[in-house]
6 protein chains.
Amino acid sequence: METEAMEMWLEKANVLIEALPYIQRFHGKTIVVKYGGSAMVDHELKKDVIRDVALLKLVGFRPIIVHGGGKEITSWLARLGKESQFVNGLRVTDKETMLVAEMVLNRVNKGLVSMMEKVGLKAVGISGKDGTVLKVDKKLSKGQDIGYVGEVKEVNPLLLNTLLDNDFIPVICPIGSDDGYYSYNINADDAACAIAKAMKASKLVFLTDIEGVYRDPADKTSLISEMTVPEALEFLDSGNVGGGMLPKLANCIEAIQSGVSRVHILDGRIAHSLLLEFFTNKGIGTAIIGDEEERYYVEQ
Amino acid sequence: METEAMEMWLEKANVLIEALPYIQRFHGKTIVVKYGGSAMVDHELKKDVIRDVALLKLVGFRPIIVHGGGKEITSWLARLGKESQFVNGLRVTDKETMLVAEMVLNRVNKGLVSMMEKVGLKAVGISGKDGTVLKVDKKLSKGQDIGYVGEVKEVNPLLLNTLLDNDFIPVICPIGSDDGYYSYNINADDAACAIAKAMKASKLVFLTDIEGVYRDPADKTSLISEMTVPEALEFLDSGNVGGGMLPKLANCIEAIQSGVSRVHILDGRIAHSLLLEFFTNKGIGTAIIGDEEERYYVEQ
Amino acid sequence: METEAMEMWLEKANVLIEALPYIQRFHGKTIVVKYGGSAMVDHELKKDVIRDVALLKLVGFRPIIVHGGGKEITSWLARLGKESQFVNGLRVTDKETMLVAEMVLNRVNKGLVSMMEKVGLKAVGISGKDGTVLKVDKKLSKGQDIGYVGEVKEVNPLLLNTLLDNDFIPVICPIGSDDGYYSYNINADDAACAIAKAMKASKLVFLTDIEGVYRDPADKTSLISEMTVPEALEFLDSGNVGGGMLPKLANCIEAIQSGVSRVHILDGRIAHSLLLEFFTNKGIGTAIIGDEEERYYVEQ
Amino acid sequence: METEAMEMWLEKANVLIEALPYIQRFHGKTIVVKYGGSAMVDHELKKDVIRDVALLKLVGFRPIIVHGGGKEITSWLARLGKESQFVNGLRVTDKETMLVAEMVLNRVNKGLVSMMEKVGLKAVGISGKDGTVLKVDKKLSKGQDIGYVGEVKEVNPLLLNTLLDNDFIPVICPIGSDDGYYSYNINADDAACAIAKAMKASKLVFLTDIEGVYRDPADKTSLISEMTVPEALEFLDSGNVGGGMLPKLANCIEAIQSGVSRVHILDGRIAHSLLLEFFTNKGIGTAIIGDEEERYYVEQ
Amino acid sequence: METEAMEMWLEKANVLIEALPYIQRFHGKTIVVKYGGSAMVDHELKKDVIRDVALLKLVGFRPIIVHGGGKEITSWLARLGKESQFVNGLRVTDKETMLVAEMVLNRVNKGLVSMMEKVGLKAVGISGKDGTVLKVDKKLSKGQDIGYVGEVKEVNPLLLNTLLDNDFIPVICPIGSDDGYYSYNINADDAACAIAKAMKASKLVFLTDIEGVYRDPADKTSLISEMTVPEALEFLDSGNVGGGMLPKLANCIEAIQSGVSRVHILDGRIAHSLLLEFFTNKGIGTAIIGDEEERYYVEQ
Amino acid sequence: METEAMEMWLEKANVLIEALPYIQRFHGKTIVVKYGGSAMVDHELKKDVIRDVALLKLVGFRPIIVHGGGKEITSWLARLGKESQFVNGLRVTDKETMLVAEMVLNRVNKGLVSMMEKVGLKAVGISGKDGTVLKVDKKLSKGQDIGYVGEVKEVNPLLLNTLLDNDFIPVICPIGSDDGYYSYNINADDAACAIAKAMKASKLVFLTDIEGVYRDPADKTSLISEMTVPEALEFLDSGNVGGGMLPKLANCIEAIQSGVSRVHILDGRIAHSLLLEFFTNKGIGTAIIGDEEERYYVEQ
C-alpha cells in the first residue's frame, strides 16, 4: 500500500481514537436533544442529525429527541384558510388551531421515526399525552388567556424509561394534557428542558439556527464557548441578551440548577454539529456549565 | 335496610359473580379490539367502549386497540379541497392524501389515548411505523396501482410486548412502512387481524355497525350466534354474503386458522357490547370459532 | 333482540362498569379478611364468600384469609368428653385442649382450601407456625394463666409474601408458637389485625354476625356507616359499646393507627357482603377510617 | 495440647472431609424423605432425623418430607369410640374416619414443622390438597370400594418448587383431593414415590422399621446392600418377598424407572441413619439402583 | 470559524459516521483477538492495540484477548542458563521449562491487564487453568513426546461469559490443564481458535507480523484481501503456502467451519490495524469467509 | 452389624451434627483466608487446607483466599544471581525484583488454582491488578523509599463479588497497582485485612506457623484462646508482644474495628486447623473478637 493512502487511514483511526474519552464519559447516560430549526428543514442536515443520533445510541448513550414544528403548523393553518396569530411570541391557540397543531406535530413526529428506523434505529414517536409523559397547566401570556398553550407541571418518566430500557429511542412532540385531559401545545424548548430535568439527563442539547451566545451580538468574534451559571446570570442582567435568546438561556440555567451537567446551544446549520460536540474537543456553539471546574474546552 | 333495596344489591353482586368464569378464562390473555364505526363517533358509545377496555385491563387481560378513521380523512381532505377517490372500496392514496391521512389518523389516535387516560389507564398511541410494528408491501387493487395503500407483510411484536409487559395499552393506527420506509395506509381490519395473529391473541373483536352475520340478510331473525370455520367457509361459498362482509369474514377465518381462539363480529352500536361479550353468557353478534367443541353460548 | 331483554343486559353491564373505580383503587393491594361467624357455617354463604374472594383475586387484589373455628373446637372437645371452660371470654387451654384445637382448626383450614380450589383458586392452608408467621407470648386473662393462649408478638411476612407473589392465597388458622416452639391458640380477630399491620394491608375486613356498630344498640336505625378514629375513640369512651364489640373496635383503631387504610365490620349474614363492600358504593356494616378526608359513602 | 486430644480432633476433621464427595454429589439436588415408623415415635430418634434434615438443607440439598400417621389415627378413632377396620392392609375410610384422619395427620404435620423450626429451619406444613399438590382417584381394594382412599393420579409441582426456591422445606401429609375436591387418604409411601417422580428427585429415602431387604428373611446375614432394578424384579418374582415389603419394593422400582437415581430403604431405628447414608460410605439398609454402573458401596 | 478548520472537523465527523454500519454489524457480538508479534513488542503499537480494544468494548462488542509470549520465555530460560529446544516448531517443554513458561506468560498477561486498565477498561488476566477454561491433552510432535505441550480438548465458557456479562475483558494466556490438573503450554493461535469456536465468536482476528496471505509469496502485489473457505482449501492444496502460514490457515478454515463468521489475518505492524479492520471499509491483511455472499470489501 | 462398628458410625454422625450450628452461623457469609507458612509448603497440609476450603464452599460460605510467596521469590531471585535485601522486614523491591516477584507470585497463584480445581472447586487466580481489586500507594519504610512496595489505599469489590456470586472462589496474590498502573508488592497479611474489610467479611483467618498468641511467650501454657479488642490493645501496650506478632495483631484489631466479626490466628501446621476452627467448638490458636459478648469457646 502506498504511504499516502496509509496516512489517510491512520488519520481516520486517530479520529476514532480521539473519540474514546468522550464516549467513556457519557456511556450509559441519558441525553436530551431538542431538535429544531434548519436541521429539521434541510434534507441533508436532517440525515446528518439522524446518523449522529444513531452513533450516540450505538456507543451506549440513551438519547431522547424532542422536536417542534411551528413552521409546518403555520403553513397547514394557511392552507386551511386560517391565519396564525401570536401574542408575545406565543401562538394564540383556539380549539381548531390545537386540532391542526396536533395533526401536524404528530406527522412530523412519525416522519422522524421513519428516518431513524431507516438507519437501523428502533424509534417510537410519542406525544406528551402518551403515558401522561407531560402534564400541563394553561400558560397565560402576561396574564392573557391565549388558548390551549400549556406549561409543563409534571413529567411522568415511566414510559420514557420503559422505552429506553428496551433500546427504543423516544421521539417526543411537545403536546401535553391538562387535568381534564385536554390537549395543549407546549414550547419545544420548555418541554425538552422539563424532560431533561425529570430524566436526570447528563446533557441537554438545543439544535438552533444561531452560532451560539455572543458577548456582544454585534461582534461576531465574541462568541462564548463556555459559560458558568454565575456568568450566565450576570450576562442575563447585562441587558445584552437578545429576545429569542432570553428564554433559552433561562431554560439552560434552570436545567443546570436541576442537576443536568451540561447544556449546549449548538449551531444546527453545521453538519454533524451534534457529533462534533460529543466526540471531539471542538466546542461548537455555547455550553452552559455549573462552575469553573467543569470547563474542558481548549480554545482553538 | 329494606328488603327491596337489598335485593337490588344482591342482584348486582350476582352480575359480578356471573362474570367470574369469563374473567378466569381470559386472565393474562392478549385480546385485539378493532375499534371503528358508530362506537367511534357517538360520544356516549365511545365512553362506554373505553370503560369496557379499562375493565378488561384491570381484570388481567392484555388489550390492544386498533382503530381506523376513514370518515375523518375524507372530511379533512374535503376541507383541503381534495376529493376522495375509491377503487374497489380502497382509497386512492397519492402522496398528499397519504400525508393528510397520516395527520388525521395520528390525531384520532391521540384522542383515544386521552380518553383512556381519563379513566385511569396507561395508554400509548403508536402507528405501525413505530418500532417497525407493521411492515407492508404495496397493495394493488385488482392489479392496479392506487398509491400508498399497503398490505401487512410482517408484524414486529417487540414494541407491543414491551408496552403490554409494562402495563401500557397500545393504541394503534393502521399505517405501516415499506422497505424504503415510506408510509402506507392499511385497512384497519387487516391490520387488527395481522396483529392478532402475530401476538398469538386469544380473541379478536371487530366493533362494527352491523348486528352480526345473517344467514339470510333479508331475514332479521336469521342472525348467526356462533359459526365454526367449516360453516363459515361453506357460508362464503353460498353466495349469500354481502360485499362489506366478505373480507371481514375472510379475515376472521384466517385469524382462527392462525391460532386465534375466537373472533367476534360485535354490534358496536349497543352500549357495552364489548363487555357483555366478555363477561356474560349473552352472545352479541356473531362469533367465529374453530370447531364444534368451542361452542358455549346457550340460546336465549 | 327485544328491548326488554336488552335493558336487562345493559343493566348488567352497568354493574360491572360501576365496579371499575373500586377495582382501580385496590388493584395490587393486600387485603386481609377475618372469616368467621355464620358466613363460615351456612353452606350457601360459605360458597358466596369463596366466590367473592375469587373475584377479589382475579381483579388484582392480594387477599389473605384468617379464620377461626371456636364452635367446632367446643363440639369436638364435647365428643371427647371434655367440657370447654372460658375465663373472661378466653378459652382455658390446657395441653389436651390445645392438641384438639390444633387438630380441629387445621381441618377447618384445609376444608376452606378445598372450597377455594374448587372455584379455580390456588390456595395454601397454613397455621401461624408455618414459616414462623406468628410468634406469640403467653396471654394472661387479667393476670391469670389460662394455658396455651397466646398474643402475637411478631409476624414474619416472608412466607406470606412468597405465597402472594406466586399467586397463591394464604388461608391462615390462628395458631402460633412461642420461643420454645410450643403451640398457642390466638384470637382470630387479633391474628387478622396483626397480620394486616405486618403486611401493610390496605384493607382489613371482619366478617361478623352483626349488622355493624350502632350508635345506640337499642335503636336499629342508628347504624354507623363510617367512623373516623377520633369518633371511634370517643364512642369507646361513651360507654355505649357492648362487650363483644369492645375488643373488635379496639383492634380496628389499632390497625388504622398502624397504617391500614380502612377497616370494615361487615355483616357476613348478607350474601356477597364482601363483594358489595369492595365493588359498589353500597356501604354494608361499619367502616373505620383515619379521618374525615377518607369518607366516601353516599347515604342511600 | 496433648497428643491424645489432638488426635481426637483430627479424627473429627476427617469425618467432615470424608463427607465432601457425598455433599458434592447431591448439592442442589432434590431428595424426598418418607418419614415414618419408630423414627417418628421415639423422641430422641425424631430429634436425630430433624437435625439430619437440617444438615442436608444447609449443605445445599432440597429436602421434601412426606410423613404418615396411621397409629395416631387409630388411637384417636379409638378415643372417639370408633374401631379401625382394614381390608387388604388398607384402612376402610368412611366420611367420619376421613374427617378424623385429616385432623390427626395435619396436627402431626404441624408438630414436625415446629420441631424443624426449633433447629432453625424454615418449614411449611401442607397437605396434598394445598396448591392441588396431590390429585387422586378413588382406590379400590381388589375391586371393593373402601371409601376415601385415594391413589395419586397427578402431582402439581408448583407449590413445592415455590417453597423450595425460597428456602422453605415442605412437610407433606398424604391427603389429596379428587376432581370433586373431596379429601382422600393416601398411602404415605405411594405419595412419597409420586412426589419424587414429579419433582425429578435424585434420591428417595424410606425411613422404615426394618433393617433392609433380606435375600432370605430367615437369614439375618443375607441383607442386600445394593440391588439393581433387574435384580429387584427377579427378586420380586422369587416369592421370597414378604407382604409389607412387596409394595415398597414395587414403589422403589417404579421410582427408579421414572428417573430417580437411587431409592433407599433405611433402618430408621438407627440414630442418624439418614445422615450416615448421605455423608459416609457406610451403606445402611438397602439401595435400589438403575444398573451395575451405579454401585458404589464397598462392603465393610 | 474559518472554512478550512471547519472542513477538517467535518472530515472528522465523516470518519465517525462511516464507522456506523460496522458498529451496528458487530454490536453485542463476541470477538476474539489473538495478540502477538510486533504489536506486543513495540511500545507505541502496544498502546494502539489497547486503545483499539477499548473502542471495540465501548461501542458494544465483547472482546476476548488471547496472547502468547514465546520470545520472553526463551529470554528468561536463557537468563536461567537453560537453552530452548524446538522440535517441528514446538518447544520441548520439560517440567522446569513449563514452570518458567507459566511464570513468564502470567506476568506478560498481567502487564497487558495494567495497560488496559490504564485506558479505563475493566480487564481480568487469567490462564486457561482458571475456571478450567482450557482442558488439554498432551500433544505429540509427529508421535514424539515433547513434554508439557498441550492441545485443547475442551473449552469451558462459564468463566468467560461471567466476566463478559459483567463488562470485564478477559485476557488469556495459553496455558491449560490436563485431567490430572498438570499445566501445559498451548500454541496461542490454537487457543484463540478453540476459544472463538466455543464462545460462538463472530470474528477471530490474528495480529501477525505479515501483511497477509500472498497468492505468490514472491509477488508483493498478490496479497489476497478476501478468501472463501473453498478458495482457501484449494490454496492449501496448491503447495504455495509457506511453513508458518500453514497451521494458521488451517486454524482459520476450522474456525469458519465451526460457525465463526469471519477470520482475519491482520498486519499488526500497522498502527490501529484492528480498528481500521473493524470500523472502515479498508481491508487490511487477509479475511477468510464462508462463501461468496460474505464478501464486502471494495478494492481500493 | 456389630455393635462396635455401629458405635463408630454413630460417632461419625455426631461429628457432623456438632457442625450444624457452626454451619448455620456462617451460611452465606464471606470469609477471607490468608494462606501462608508451612501450610503452603508441606504437601499434605496443602491438600488438607484445600479440602477444608472446599467444605467451607459447599456448606454455603463464600471463601476468598489471599496468599503470599516470599520464600519462593527469594529462591528465584537467588537463581537469577540477585540477593534479597530487607529493610525493617520489608523487601527492597527494585524494578527487576518486582518483575521476578510478579512472575513467581502469579505462578504460585495458578498452582493453588489447579489444586482447588482438582477437588472439584471452581477457582480463579487473580492478582490485585485484575479488575483494579487492589489500588496502592507507595509504602515507605520509616520514611525510606524501598521501591515497589505498596500499601492498599482502596479495594474495588466488583470483580470479587462477580466471581463469588457465580460460585467461583477468588485466589488472590498480593500485587496491586498505583495510580500510574505500576505494579507493587503488598504484604499478604495487609492485603487480606484490607479485602476482609472491603468485602464486609464475617471472618478473617490467618494461617500461620505459630500456635497463637501467648500471654507470656516463654510460657507455653499461656496461649490465649480468645481476646477482646480492649484486651488486645492492652496487650499491645504491655510490651510482651514479639516482633512478627505486632503488625499481625494490629491488623486483627483494625479488621474487627472495621466490622469483621472474628479474626483468627490459626496454627497452620495442624492438619485441618481451618476446619476445626469453623466446624467444632475446639478453638485452635487465638481469636480476636469485639467484646465479651462474642466469646463462645468453652475451655477444654
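Note that the structure is a prediction, hence the values are computed from the model and not measured. (Residues numbered from 1 in each chain as written. Chains lettered and ligands numbered in written order. Predicted model: local features only at pLDDT ≥ 70, side-chain atom pairs only at ≥ 80, totals over all residues. Heavy atoms only, no water.)

**A few points about the sheet that holds strand β8 (residues 169-173) of chain E**
Residues and elements named next belong to chain E.
Piece 1. One open sheet accounts for eight strands, arranged β5-β8-β2-β1-β11-β15-β16-β14; its pairing is mixed. The open sheet has two edge strands, β5 (123-127) and β14 (226-228), and neither has a second partner. The average angle at which neighbouring strand axes cross in this sheet is 20°, direction not considered.
Piece 2. Alignment of strand β1 (residues 30-35) against strand β11 (residues 203-208), held across four bridges, turns out to be parallel. Residue Val32 lies in a different strand from β11, and its bridge partner there is Leu204. (Pairing = 2+ DSSP bridges. Helix = DSSP H or I, 4+ residues; strand = E, 2+ residues; numbered from the N terminus. Axes fitted to C-alpha atoms, helices over the stretch in contact; angles between N-to-C directions.)

**With respect to the relation of the copies chain E and chain A**
Piece 1. Rotating chain E by 180° about the axis while translating it 0.1 Å along that axis superimposes it on chain A, leaving an RMSD of 0.1 Å. The symmetry that links the two subunits is that of a two-fold axis. For chain E, the residue whose C-alpha comes nearest the rotation axis is Val59(E), separated from it by 2.1 Å.
Piece 2. The share of interface residues of chain E whose copies in chain A are also at the interface is 100%, consistent with both copies meeting through the same surface. (Least-squares fit on C-alpha atoms with pLDDT ≥ 70 in both. Contact = heavy atoms within 4.5 Å.)

**Considering the sheet that holds strand β16 (residues 286-289) of chain F**
Residues and elements named next belong to chain F.
Piece 1. Judged by pairing direction, the sheet is mixed, and its eight strands sit side by side in the order β5-β8-β2-β1-β11-β15-β16-β14 without closing on themselves. Bordering the open sheet on either side are β5 (123-127) and β14 (226-228), each of which pairs with just one other strand. Averaged over neighbouring strand pairs, the angle between their axes works out to 20° when direction is ignored.
Piece 2. Note that strand β11 (residues 203-208) and strand β15 (residues 262-267) share six bridges and pair parallel. In the strand pairing of β15, Leu204 is matched with Val263.

**As for the pattern of salt bridges**
Piece 1. The full count for this structure, using the stated rule, is 122 salt bridges over all chains.
Piece 2. Among the salt bridges present, the one from Asp48(C) reaches Arg51(C), with a minimum N-O distance of 3.1 Å. On the criterion of helical spacing, the pair formed by Asp48(C) and Arg51(C) is a turn pair, its members being three residues apart in helix α2 (residues 43-58).
Piece 3. Look at Asp48(C) and you get buried, because its relative accessible area is 9%.
Piece 4. Of the residues examined, Arg51(C) reaches a relative accessible area of 25% and is grouped as partly exposed.
Piece 5. Of the charged contacts in the structure, one is a salt bridge between Lys57(F) and Asp167(F), with a shortest N-O distance of 2.9 Å. (Salt bridge = Lys/Arg side-chain N within 4 Å of Asp/Glu carboxyl O. Buried < 20%, exposed > 50% of the residue type's maximum accessible area, 1.4 Å probe, protein only.)

**Considerations on the interface of chain E and chain F**
Piece 1. Across the boundary between the two partners, chain E contributes 35 residues, which contact 35 residues of chain F.
Piece 2. Our enumeration of links across chain E and chain F arrives at six salt bridges.
Piece 3. In this assembly, chain E and chain F are joined by 18 residue pairs in polar contact (both at pLDDT 80 or more).
Piece 4. Among the elements of the structure, α3 (70-79), α4 (95-118), β5 and α5 (158-165) of chain E are those that each provide at least two residues to the side of chain E that touches chain F.
Piece 5. Per element, the largest residue contribution to the side of chain E that touches chain F is 14 residues, and it comes from α4(E).
Piece 6. The residue makeup of the side of chain E that touches chain F, split by class, is 15 nonpolar, 10 polar and 10 charged. (Polar contact = N/O pair within 3.5 Å; in protein donor to acceptor, adjacent residues only side chain to side chain. Nonpolar A, V, L, I, M, F, W, Y, C, P; charged D, E, K, R; others polar.)

**Quick notes on the pairing of strand β6 (residues 134-141) of chain B**
All names here are of chain B.
Piece 1. Bridging between β6 and strand β7 (residues 144-155) involves seven bridges; their strand directions are antiparallel. Directly across from Leu140, in β7, lies its bridge partner Asp145.
Piece 2. The hairpin formed by β6 and β7 contains two residues between the paired strands, and Lys142 there has a positive phi angle of roughly 50°.

**Some points on unusual backbone geometry**
Piece 1. Despite not being glycine, Lys142(C) shows a phi value in the positive range, around 50°.
Piece 2. For Lys142(C), a relative accessible area of 73% gives the class exposed.
Piece 3. For His272(E), which is not glycine, the phi torsion reads 55° and is therefore positive.
Piece 4. Taking the relative accessible area as the measure of exposure, His272(E) reaches 3% and is therefore buried.

**Section: the nonpolar core**
Piece 1. Core analysis: the largest hydrophobic core is formed by 334 residues, its most contacted members being Phe279(A), Phe279(B), Phe279(C), Phe279(D), Phe279(E) and Phe279(F).
Piece 2. Look past the residues within four positions of Phe279(A) in its chain and what remains in contact with it is Glu18(A), Ala19(A), Tyr22(A), Ile23(A), Leu55(A), Leu56(A), Val59(A), Phe61(A) and Leu16(E). (Core = buried A, V, L, I, M, F, W, Y, C linked by side-chain atoms within 4.5 Å.)

**Points about the interface of chain E and chain A**
Piece 1. Facing the 36 residues of chain E at the interface are 36 residues of chain A.
Piece 2. Carbon and sulfur atoms supply 80% of the area that chain E and chain A bury against each other, a total of about 3,100 Å² over both sides.
Piece 3. The largest per-residue losses of area from chain E upon contact with chain A belong to Trp9(E), Leu16(E) and Leu58(E), which jointly make up 23% of the total buried on that side.
Piece 4. Applying the counting criterion to the chain E and chain A interface returns zero salt bridges.
Piece 5. Here chain E and chain A share two residue pairs in polar contact (both at pLDDT 80 or more) between them.
Piece 6. Put simply, the parts of the chain that give the side of chain E that touches chain A at least two residues each are α1 (3-26), α2 (43-58) and α9 (273-279) of chain E.
Piece 7. At 15 residues, the largest contribution of residues to the side of chain E that touches chain A is made by α1(E).
Piece 8. When its residues are assigned to classes, the side of chain E that touches chain A shows 22 nonpolar, eight polar and six charged. (Buried area = accessible area lost by both parts, 1.4 Å probe.)

**Quick look at the packing of α2(C) against helix α4 (residues 95-118) of chain C**
Relative placement of two packed helices is described by the angle separating their axes and the distance separating the axes.
Residue and element names in this part refer to chain C.
Piece 1. Their axes nearest at 9 Å, the elements α2 and α4 cross at an angle of 65°. Relative to α4, α2 is oriented so that their crossing is right-handed. Facing α2, whose interface residues are His43, Lys46, Lys47, Ile50 and Val53, α4 presents Leu112, Met115 and Met116.
Piece 2. Taken together, the residues of the contact of α2 with α4 sort by class into five nonpolar, one polar and two charged. (Left-handed = near helix turned anticlockwise from the far one by under 90°.)

**As for the relation of the copies chain E and chain F**
Piece 1. Superposition record for chain E on chain F: RMSD 0.0 Å, screw rotation 180°, translation along axis 0.0 Å.
Piece 2. A share of 100% of the interface residues of chain E reappears at the interface of chain F, consistent with the copies meeting face to face through the same patch.

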